[in-house]
Amino acid sequence: MPAPVSEPKILVADGWTDYALLDSGDGWKLERVGPYRFARPEPQALWRAQAPPDQWKVDARFSPASDEAEEMGRWRMERPIPENWPVAYGALRFHARCTPFRHLGFFPEQSVHWTWAADRLSPGAQVLNLFGYTGVASLAAAAAGAAVTHVDASKKAIAFARQNQELAGLADKPIRWIVDDALAFVKREARRGKRYDGIILDPPKFGRGPNGETWKLEEHLAALLEALPNILVEPNQRPTFVIATLYALRLSHVALARTLAAALEGLGGAVEAGEMALAEDGGRLLPTALFARWVRASDAR
Ligand SMILES: C[S@@+](CC[C@H](N)C(=O)[O-])C[C@H]1O[C@@H](n2cnc3c(N)ncnc32)[C@H](O)[C@@H]1O
(Lines give C-alpha, C1' and ligand atoms only; values in the text may rest on other atoms or scores of the structure.)
Protein backbone atom coordinates (compact mmCIF):
# COMPACT_ATOMS: atom_id res chain seq x y z
CA MET A 1 0.00 0.00 0.00
CA PRO A 2 1.38 3.44 -0.84
CA ALA A 3 2.07 5.64 2.17
CA PRO A 4 -1.07 7.46 3.36
CA VAL A 5 -1.41 11.10 2.26
CA SER A 6 -2.73 13.56 4.86
CA GLU A 7 -5.10 16.52 4.31
CA PRO A 8 -3.54 19.22 2.07
CA LYS A 9 -1.55 21.92 3.88
CA ILE A 10 -0.46 25.49 3.14
CA LEU A 11 3.02 26.10 4.53
CA VAL A 12 3.66 29.80 5.14
CA ALA A 13 7.28 30.93 5.55
CA ASP A 14 7.95 32.88 8.75
CA GLY A 15 10.82 33.94 10.96
CA TRP A 16 12.35 36.27 8.32
CA THR A 17 13.87 39.64 9.22
CA ASP A 18 15.93 40.12 6.03
CA TYR A 19 12.97 39.38 3.75
CA ALA A 20 9.44 40.80 3.59
CA LEU A 21 6.61 40.65 1.06
CA LEU A 22 5.32 44.24 1.21
CA ASP A 23 2.56 44.23 -1.41
CA SER A 24 1.31 42.15 -4.35
CA GLY A 25 -1.30 42.30 -7.08
CA ASP A 26 -1.97 43.28 -10.71
CA GLY A 27 0.63 40.66 -11.73
CA TRP A 28 3.44 42.09 -9.58
CA LYS A 29 5.02 41.66 -6.13
CA LEU A 30 6.92 44.18 -3.97
CA GLU A 31 9.56 42.73 -1.67
CA ARG A 32 12.28 43.92 0.71
CA VAL A 33 15.51 41.93 0.72
CA GLY A 34 17.86 43.30 3.34
CA PRO A 35 17.87 47.10 2.87
CA TYR A 36 16.59 47.02 -0.75
CA ARG A 37 13.07 47.04 -2.25
CA PHE A 38 12.31 45.13 -5.45
CA ALA A 39 9.39 44.87 -7.83
CA ARG A 40 9.12 41.79 -10.04
CA PRO A 41 6.34 40.17 -12.09
CA GLU A 42 4.19 37.59 -10.27
CA PRO A 43 1.67 35.73 -12.47
CA GLN A 44 -0.16 34.38 -9.41
CA ALA A 45 -0.97 37.89 -8.10
CA LEU A 46 -4.36 38.22 -9.85
CA TRP A 47 -5.90 40.49 -7.18
CA ARG A 48 -5.56 44.28 -6.89
CA ALA A 49 -2.40 45.52 -5.21
CA GLN A 50 -2.75 47.86 -2.26
CA ALA A 51 -0.99 50.55 -4.35
CA PRO A 52 -0.56 50.57 -8.16
CA PRO A 53 2.67 48.63 -8.86
CA ASP A 54 4.01 51.39 -11.14
CA GLN A 55 3.84 53.74 -8.13
CA TRP A 56 5.73 51.43 -5.76
CA LYS A 57 8.95 53.01 -4.41
CA VAL A 58 11.64 50.52 -5.43
CA ASP A 59 15.44 50.26 -5.71
CA ALA A 60 15.15 47.93 -8.69
CA ARG A 61 12.41 46.63 -10.97
CA PHE A 62 12.62 43.47 -13.07
CA SER A 63 11.69 43.80 -16.73
CA PRO A 64 11.11 40.45 -18.40
CA ALA A 65 12.70 39.71 -21.75
CA SER A 66 10.24 39.89 -24.64
CA ASP A 67 9.78 36.09 -24.60
CA GLU A 68 7.77 35.66 -21.38
CA ALA A 69 8.41 31.89 -21.22
CA GLU A 70 12.09 32.54 -20.84
CA GLU A 71 11.76 33.89 -17.25
CA MET A 72 14.85 35.83 -18.30
CA GLY A 73 15.11 39.60 -18.27
CA ARG A 74 17.03 42.39 -16.57
CA TRP A 75 16.81 44.54 -13.48
CA ARG A 76 16.35 48.29 -13.96
CA MET A 77 18.21 49.83 -11.01
CA GLU A 78 16.82 53.00 -9.43
CA ARG A 79 19.98 53.24 -7.32
CA PRO A 80 23.29 51.31 -7.14
CA ILE A 81 22.89 47.82 -5.65
CA PRO A 82 25.95 45.64 -4.95
CA GLU A 83 26.39 42.47 -6.99
CA ASN A 84 25.92 40.39 -3.81
CA TRP A 85 24.77 41.45 -0.37
CA PRO A 86 24.54 39.32 2.76
CA VAL A 87 21.19 38.27 4.18
CA ALA A 88 20.31 35.84 6.94
CA TYR A 89 17.59 33.42 7.96
CA GLY A 90 18.10 32.98 11.68
CA ALA A 91 21.80 32.20 12.13
CA LEU A 92 22.19 31.07 8.50
CA ARG A 93 23.91 33.70 6.32
CA PHE A 94 24.00 33.64 2.51
CA HIS A 95 24.19 35.99 -0.46
CA ALA A 96 21.30 37.75 -2.14
CA ARG A 97 21.79 39.10 -5.65
CA CYS A 98 19.81 40.30 -8.65
CA THR A 99 19.83 37.45 -11.20
CA PRO A 100 18.73 37.55 -14.86
CA PHE A 101 16.35 34.68 -13.97
CA ARG A 102 14.00 37.07 -12.15
CA HIS A 103 14.99 35.78 -8.68
CA LEU A 104 17.14 37.30 -5.93
CA GLY A 105 19.63 34.52 -5.16
CA PHE A 106 17.43 32.58 -2.69
CA PHE A 107 13.83 31.37 -2.32
CA PRO A 108 12.34 32.64 0.98
CA GLU A 109 9.38 30.25 0.85
CA GLN A 110 11.84 27.34 1.02
CA SER A 111 12.60 28.22 4.66
CA VAL A 112 9.65 26.01 5.68
CA HIS A 113 11.66 23.02 4.46
CA TRP A 114 15.02 24.20 5.85
CA THR A 115 13.59 24.16 9.39
CA TRP A 116 11.49 21.00 8.90
CA ALA A 117 14.53 19.07 7.68
CA ALA A 118 16.80 20.47 10.41
CA ASP A 119 14.29 19.31 13.05
CA ARG A 120 14.66 15.77 11.76
CA LEU A 121 18.44 15.73 11.39
CA SER A 122 21.12 14.76 13.89
CA PRO A 123 24.93 14.63 13.70
CA GLY A 124 26.09 12.08 11.16
CA ALA A 125 22.87 11.99 9.16
CA GLN A 126 23.41 11.81 5.38
CA VAL A 127 21.47 14.31 3.24
CA LEU A 128 21.24 14.53 -0.56
CA ASN A 129 20.14 17.86 -2.11
CA LEU A 130 19.27 17.41 -5.80
CA PHE A 131 18.96 20.45 -8.12
CA GLY A 132 20.50 22.30 -5.20
CA TYR A 133 21.31 25.63 -6.91
CA THR A 134 21.90 28.32 -4.22
CA GLY A 135 22.74 25.65 -1.66
CA VAL A 136 20.85 27.26 1.20
CA ALA A 137 19.02 23.99 1.91
CA SER A 138 22.39 22.21 1.97
CA LEU A 139 23.80 24.76 4.42
CA ALA A 140 20.76 24.48 6.68
CA ALA A 141 21.18 20.68 6.78
CA ALA A 142 24.95 20.98 7.39
CA ALA A 143 24.32 23.45 10.21
CA ALA A 144 22.02 20.79 11.75
CA GLY A 145 24.95 18.35 11.78
CA ALA A 146 24.31 16.41 8.58
CA ALA A 147 26.90 15.35 6.02
CA VAL A 148 25.52 16.79 2.78
CA THR A 149 25.85 15.80 -0.87
CA HIS A 150 24.77 18.73 -3.08
CA VAL A 151 24.13 18.01 -6.77
CA ASP A 152 23.51 20.54 -9.54
CA ALA A 153 24.17 20.38 -13.28
CA SER A 154 25.58 23.90 -13.40
CA LYS A 155 29.19 24.70 -12.46
CA LYS A 156 28.15 28.37 -11.94
CA ALA A 157 25.43 27.33 -9.54
CA ILE A 158 27.87 25.18 -7.56
CA ALA A 159 30.36 28.08 -7.41
CA PHE A 160 27.63 30.37 -6.05
CA ALA A 161 26.57 27.78 -3.48
CA ARG A 162 30.18 27.46 -2.32
CA GLN A 163 30.38 31.24 -1.88
CA ASN A 164 27.32 30.89 0.36
CA GLN A 165 29.12 28.19 2.37
CA GLU A 166 32.00 30.64 2.97
CA LEU A 167 29.70 33.46 4.00
CA ALA A 168 27.74 31.12 6.28
CA GLY A 169 30.98 30.26 8.11
CA LEU A 170 30.33 26.57 7.37
CA ALA A 171 33.51 25.94 5.36
CA ASP A 172 34.53 23.18 7.80
CA LYS A 173 31.26 21.28 7.39
CA PRO A 174 31.17 18.04 5.35
CA ILE A 175 29.47 19.14 2.10
CA ARG A 176 30.25 17.37 -1.20
CA TRP A 177 29.60 19.76 -4.11
CA ILE A 178 28.89 17.70 -7.23
CA VAL A 179 28.30 18.87 -10.81
CA ASP A 180 26.14 16.13 -12.30
CA ASP A 181 22.80 15.17 -13.76
CA ALA A 182 20.43 14.41 -10.87
CA LEU A 183 18.91 11.18 -12.27
CA ALA A 184 22.29 9.82 -13.43
CA PHE A 185 23.80 10.64 -10.01
CA VAL A 186 21.02 8.86 -8.10
CA LYS A 187 21.43 5.73 -10.26
CA ARG A 188 25.20 5.80 -9.72
CA GLU A 189 24.80 6.19 -5.95
CA ALA A 190 22.49 3.16 -5.92
CA ARG A 191 25.15 1.07 -7.68
CA ARG A 192 27.68 2.29 -5.11
CA GLY A 193 25.37 1.23 -2.28
CA LYS A 194 25.31 4.78 -0.89
CA ARG A 195 22.37 5.51 1.43
CA TYR A 196 20.78 8.76 2.68
CA ASP A 197 18.62 9.69 5.66
CA GLY A 198 17.13 12.71 3.90
CA ILE A 199 16.65 13.67 0.25
CA ILE A 200 15.65 17.16 -0.93
CA LEU A 201 14.71 17.89 -4.56
CA ASP A 202 13.51 21.03 -6.33
CA PRO A 203 13.60 20.16 -10.00
CA PRO A 204 13.05 22.72 -12.76
CA LYS A 205 10.44 22.17 -15.47
CA PHE A 206 13.27 21.62 -17.96
CA GLY A 207 17.02 21.34 -17.53
CA ARG A 208 20.21 19.88 -18.99
CA GLY A 209 22.80 17.74 -17.26
CA PRO A 210 26.53 18.54 -17.65
CA ASN A 211 26.84 15.84 -20.36
CA GLY A 212 23.78 17.03 -22.26
CA GLU A 213 21.33 14.81 -20.36
CA THR A 214 17.80 16.21 -20.78
CA TRP A 215 15.59 16.72 -17.73
CA LYS A 216 11.87 17.10 -18.53
CA LEU A 217 9.89 17.11 -15.32
CA GLU A 218 6.69 15.58 -16.64
CA GLU A 219 8.71 12.76 -18.28
CA HIS A 220 11.39 12.11 -15.67
CA LEU A 221 10.00 12.95 -12.22
CA ALA A 222 8.37 9.54 -11.64
CA ALA A 223 11.57 7.72 -12.64
CA LEU A 224 13.64 9.89 -10.28
CA LEU A 225 11.26 9.35 -7.34
CA GLU A 226 11.10 5.60 -8.07
CA ALA A 227 14.92 5.44 -7.90
CA LEU A 228 14.99 6.97 -4.40
CA PRO A 229 14.17 3.79 -2.42
CA ASN A 230 17.52 2.39 -3.68
CA ILE A 231 19.40 5.17 -1.88
CA LEU A 232 17.30 5.61 1.27
CA VAL A 233 18.57 4.11 4.52
CA GLU A 234 16.85 1.15 6.15
CA PRO A 235 14.67 2.12 9.14
CA ASN A 236 17.01 3.24 11.96
CA GLN A 237 17.18 5.47 14.98
CA ARG A 238 16.70 8.57 12.82
CA PRO A 239 13.68 9.85 10.87
CA THR A 240 14.03 9.36 7.11
CA PHE A 241 12.53 11.90 4.74
CA VAL A 242 12.06 13.12 1.18
CA ILE A 243 11.10 16.73 0.36
CA ALA A 244 9.96 17.62 -3.18
CA THR A 245 8.97 21.07 -4.41
CA LEU A 246 7.71 22.12 -7.82
CA TYR A 247 7.41 25.61 -9.27
CA ALA A 248 5.47 27.24 -12.10
CA LEU A 249 3.76 24.12 -13.42
CA ARG A 250 0.19 23.30 -14.32
CA LEU A 251 0.34 20.45 -11.79
CA SER A 252 -1.54 19.74 -8.58
CA HIS A 253 -0.03 18.85 -5.20
CA VAL A 254 -2.35 15.82 -5.33
CA ALA A 255 -0.46 14.58 -8.41
CA LEU A 256 2.90 15.18 -6.74
CA ALA A 257 1.79 13.48 -3.50
CA ARG A 258 0.40 10.47 -5.32
CA THR A 259 3.55 10.07 -7.44
CA LEU A 260 5.77 10.28 -4.34
CA ALA A 261 3.59 7.90 -2.30
CA ALA A 262 3.54 5.36 -5.14
CA ALA A 263 7.32 5.64 -5.65
CA LEU A 264 7.99 4.96 -1.96
CA GLU A 265 5.43 2.18 -1.68
CA GLY A 266 6.34 -0.41 0.93
CA LEU A 267 8.71 1.87 2.85
CA GLY A 268 6.09 2.80 5.44
CA GLY A 269 5.97 6.39 6.60
CA ALA A 270 3.43 8.99 5.46
CA VAL A 271 3.14 11.80 2.92
CA GLU A 272 1.92 15.35 3.43
CA ALA A 273 1.42 17.75 0.54
CA GLY A 274 0.02 21.10 -0.44
CA GLU A 275 1.24 24.55 -1.29
CA MET A 276 3.90 26.92 -0.02
CA ALA A 277 3.12 30.60 0.40
CA LEU A 278 4.53 33.93 1.55
CA ALA A 279 2.49 36.25 3.76
CA GLU A 280 2.16 40.00 3.45
CA ASP A 281 1.57 42.16 6.54
CA GLY A 282 -2.00 41.42 7.58
CA GLY A 283 -1.64 37.80 6.48
CA ARG A 284 -2.66 38.00 2.81
CA LEU A 285 -1.03 34.99 1.13
CA LEU A 286 0.95 34.80 -2.10
CA PRO A 287 1.20 31.18 -3.32
CA THR A 288 4.67 30.21 -4.58
CA ALA A 289 5.09 26.46 -5.15
CA LEU A 290 3.73 22.94 -4.58
CA PHE A 291 5.31 20.51 -2.14
CA ALA A 292 5.11 16.92 -1.01
CA ARG A 293 7.04 15.52 1.94
CA TRP A 294 7.44 11.89 2.97
CA VAL A 295 8.67 11.00 6.44
CA ARG A 296 9.21 7.72 8.24
CA ALA A 297 9.61 8.16 11.94
CA SER A 298 12.71 6.70 13.59
CA ASP A 299 12.25 3.13 14.76
CA ALA A 300 14.00 3.81 18.06
CA ARG A 301 12.56 1.09 20.29
C1 LIG B 1 14.72 25.62 -9.35
S2 LIG B 1 16.43 25.51 -9.22
C3 LIG B 1 16.58 24.89 -7.62
C4 LIG B 1 16.55 25.95 -6.57
C5 LIG B 1 16.96 25.42 -5.17
N6 LIG B 1 15.90 24.76 -4.52
C7 LIG B 1 17.43 26.55 -4.28
O8 LIG B 1 16.76 26.80 -3.22
O9 LIG B 1 18.36 27.20 -4.59
C10 LIG B 1 16.80 24.19 -10.29
C11 LIG B 1 18.28 23.84 -10.43
O12 LIG B 1 18.35 22.62 -11.17
C13 LIG B 1 19.56 22.60 -11.91
N14 LIG B 1 19.41 21.59 -12.96
C15 LIG B 1 18.78 21.70 -14.15
N16 LIG B 1 18.81 20.51 -14.80
C17 LIG B 1 19.49 19.65 -14.01
C18 LIG B 1 19.84 18.27 -14.11
N19 LIG B 1 19.51 17.55 -15.20
N20 LIG B 1 20.49 17.69 -13.09
C21 LIG B 1 20.85 18.41 -11.98
N22 LIG B 1 20.55 19.73 -11.82
C23 LIG B 1 19.87 20.32 -12.82
C24 LIG B 1 19.71 24.03 -12.40
O25 LIG B 1 21.08 24.31 -12.66
C26 LIG B 1 19.15 24.84 -11.20
O27 LIG B 1 20.24 25.24 -10.38
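Residues numbered from 1 in each chain as written. Predicted model: local features only at pLDDT ≥ 70, side-chain atom pairs only at ≥ 80, totals over all residues. Heavy atoms only, no water.

**Some remarks on the packing of helix 5 (residues 217–227) against helix 6 (residues 253–263)**
Running from N to C, helix 5 and helix 6 cross one another at 35°; their axes reach a closest spacing of 8 Å. Handedness of the crossing formed by helix 5 with helix 6: right-handed. Of the residues in helix 6, those touching helix 5 at Leu221, Ala222, Leu225 and Glu226 are Leu256, Thr259, Leu260 and Ala263. By residue class, the composition of the contact of helix 5 with helix 6 is six nonpolar, one polar and one charged. (Axes fitted to C-alpha atoms, helices over the stretch in contact; angles between N-to-C directions. Helix = DSSP H or I, 4+ residues; strand = E, 2+ residues; numbered from the N terminus. Left-handed = near helix turned anticlockwise from the far one by under 90°. Contact = heavy atoms within 4.5 Å. Nonpolar A, V, L, I, M, F, W, Y, C, P; charged D, E, K, R; others polar.)

**A closer look at the domain arrangement of the protein**
When the domains of the protein are assigned, the result is domain 1 (9–13 + 107–299) and domain 2 (19–85). On a C-alpha basis, the centroid separation for the pair domain 1 and domain 2 is 27 Å. Facing the 11 residues of domain 1 at the interface are 12 residues of domain 2. Both sides of the domain 1 and domain 2 interface together cover about 910 Å² of buried area, and 61% of this is carbon and sulfur. Among the residues of domain 1 in contact with domain 2, Glu280, Leu286 and Pro287 are the three that bury the most area, contributing 52% of the side total. Joining domain 1 to domain 2, the criterion identifies zero salt bridges. Within the residue set of the side of domain 1 that touches domain 2, elements represented by two or more residues are helix 3 (155–167), strand 16 (270–279) and strand 17 (285–296). (Domains from an automatic or database assignment. Buried area = accessible area lost by both parts, 1.4 Å probe. Salt bridge = Lys/Arg side-chain N within 4 Å of Asp/Glu carboxyl O.)

**A short note on the environment of proline 82**
Assignment of secondary structure puts proline 82 in the loop between strand 6 (73–77) and strand 7 (85–89). With relative accessibility at 35%, the residue proline 82 sits in the partly exposed group. In this structure, the C-alpha to C-alpha distance between proline 82 and arginine 284, residues 202 residues apart in sequence, is 31 Å. (Buried < 20%, exposed > 50% of the residue type's maximum accessible area, 1.4 Å probe, protein only.)

**Some words on the sheet that holds strand 4 (residues 36–41)**
Read across the sheet, five strands follow the order 2-3-4-5-6 without closing on themselves; strand pairing throughout is mixed. Looking along the sheet, the strands with just one partner apiece sit at the ends: strand 2 (19–25) and strand 6. With direction set aside, neighbouring strand axes in the sheet form an average angle of 20°. Direction of pairing for strand 5 (residues 60–64) relative to strand 6: antiparallel, over a ladder of five bridges. The partner of serine 63 across the bridge, within strand 6, is arginine 74. (Pairing = 2+ DSSP bridges.)

**Brief notes about the site of the ligand**
If you check the shell around the ligand, you find 17 residues, and the closest are Thr134, Asp152, Asp181, Ala182 and Asp202. In this structure, a nitrogen atom belonging to the ligand sits 2.5 Å away from a side-chain N or O atom of aspartate 202. For the ligand, whose accessible area on its own is 600 Å², the fraction buried by protein is 86%. (Near = heavy atom within 4 Å. Polar contact = N/O pair within 3.5 Å; in protein donor to acceptor, adjacent residues only side chain to side chain. Areas by Shrake-Rupley, 256 points an atom, 1.4 Å probe, with all protein chains shown as cover.)

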